[in-house]
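Below are the chains, spelled out letter by letter.
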Amino acid sequence: MPNDTILWTVSVSKDTDNAVRSFLAQRGMKKRDLSKFIEDAVKWRVIDQTMAEARGKFADLPPEALESIIDEAVTTTRQANVPKAG
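Residues numbered from 1 in each chain as written. Predicted model: local features only at pLDDT ≥ 70, side-chain atom pairs only at ≥ 80, totals over all residues. Heavy atoms only, no water.

Draft legend 1. Layout of the layout of surface pockets. Of the pockets and cavities examined, the second largest pocket occupies roughly 230 Å³. By residue number, the principal contributor to the lining of the second largest pocket is helix α2 (residues 33–57), which donates five residues. In the lining of the second largest pocket, the residues fall into eight nonpolar, one polar and two charged. (1 Å grid on protein atoms, 1.4 Å probe; cavity = no way out; pocket = protein on both sides within 12 Å on 5 of 7 lines; lining within 4 Å. Points joined across faces, edges and corners; volume = space filled by probe spheres on them. Helix = DSSP H or I, 4+ residues; strand = E, 2+ residues; numbered from the N terminus. Nonpolar A, V, L, I, M, F, W, Y, C, P; charged D, E, K, R; others polar.)

So, in structure tokens, the structure goes:
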């Protein structure tokens, strides 16, 4: 982990602690790998929640309209990232 880490104090159930430690041990990971595992899990959960919110905002949009919006955004992004000649 980077040097700019923050210390968290978290509480989990004994069952969760046992499950995670067993999971890590089965994969040859050490106690110090717990922090990395938790950080990865939190990042995935944030992404999952963000995606769920985004899906909810477009739930009433017809699939064709959503596809059009996505295509337009992809095209615009690609055009903006093409290096200028010269």
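Draft legend 2. Molecular detail of the packing of helix α1 (residues 14–26) against α2. At a minimum axis distance of 11 Å, the contact between α1 and α2 shows a crossing angle of 110 degrees. Judged on the interaxial angle alone, α2 and α1 are roughly perpendicular. The residues of α2 that touch α1, namely those facing Val 20, Arg 21, Phe 23 and Leu 24, are Asp 33, Leu 34 and Phe 37. Its residues assigned to classes, the contact of α1 with α2 comprises five nonpolar, no polar and two charged. (Axes fitted to C-alpha atoms, helices over the stretch in contact; angles between N-to-C directions. Parallel < 35°, antiparallel > 145°, perpendicular 65-115°, else oblique. Contact = heavy atoms within 4.5 Å.)

Draft legend 3. Structural view of the pattern of salt bridges. As enumerated under the stated definition, the model contains four salt bridges in all. The salt bridge partner of Arg 21 is Asp 17, with a shortest N-O separation of 2.6 Å. Of this pair, Arg 21 and Asp 17 both sit in helix α1, separated by four residues, roughly a single helical turn. The partly exposed category is assigned to Arg 21, whose relative accessible area is 36%. What makes Asp 17 partly exposed here is its relative accessible area of 26%. Note that Glu 39 is salt-bridged to Lys 43, the shortest N-O span being 3.7 Å. A residue pair is termed a helical-turn pair when its members lie 3 or 4 positions apart in one helix, as Glu 39 and Lys 43 do in helix α2 at four residues. (Salt bridge = Lys/Arg side-chain N within 4 Å of Asp/Glu carboxyl O. Buried < 20%, exposed > 50% of the residue type's maximum accessible area, 1.4 Å probe, protein only.)

Draft legend 4. A look at the packing of aromatic side chains. The tally for this structure, following the rule as stated, stands at one aromatic pair. Measuring from centroid to centroid gives 5.5 Å for Phe 23 and Phe 37, while their planes differ by 50 degrees, and the two rings are tilted. Residue Phe 23 is found in helix α1, and its partner Phe 37 is found in helix α2; the two are separated by 14 residues along the sequence. Residue Phe 23 is classed as partly exposed on the basis of its relative accessible area of 31%. (Phe/Tyr/Trp six-rings, centres within 6.5 Å; stacked < 30°, edge-to-face > 60°.)

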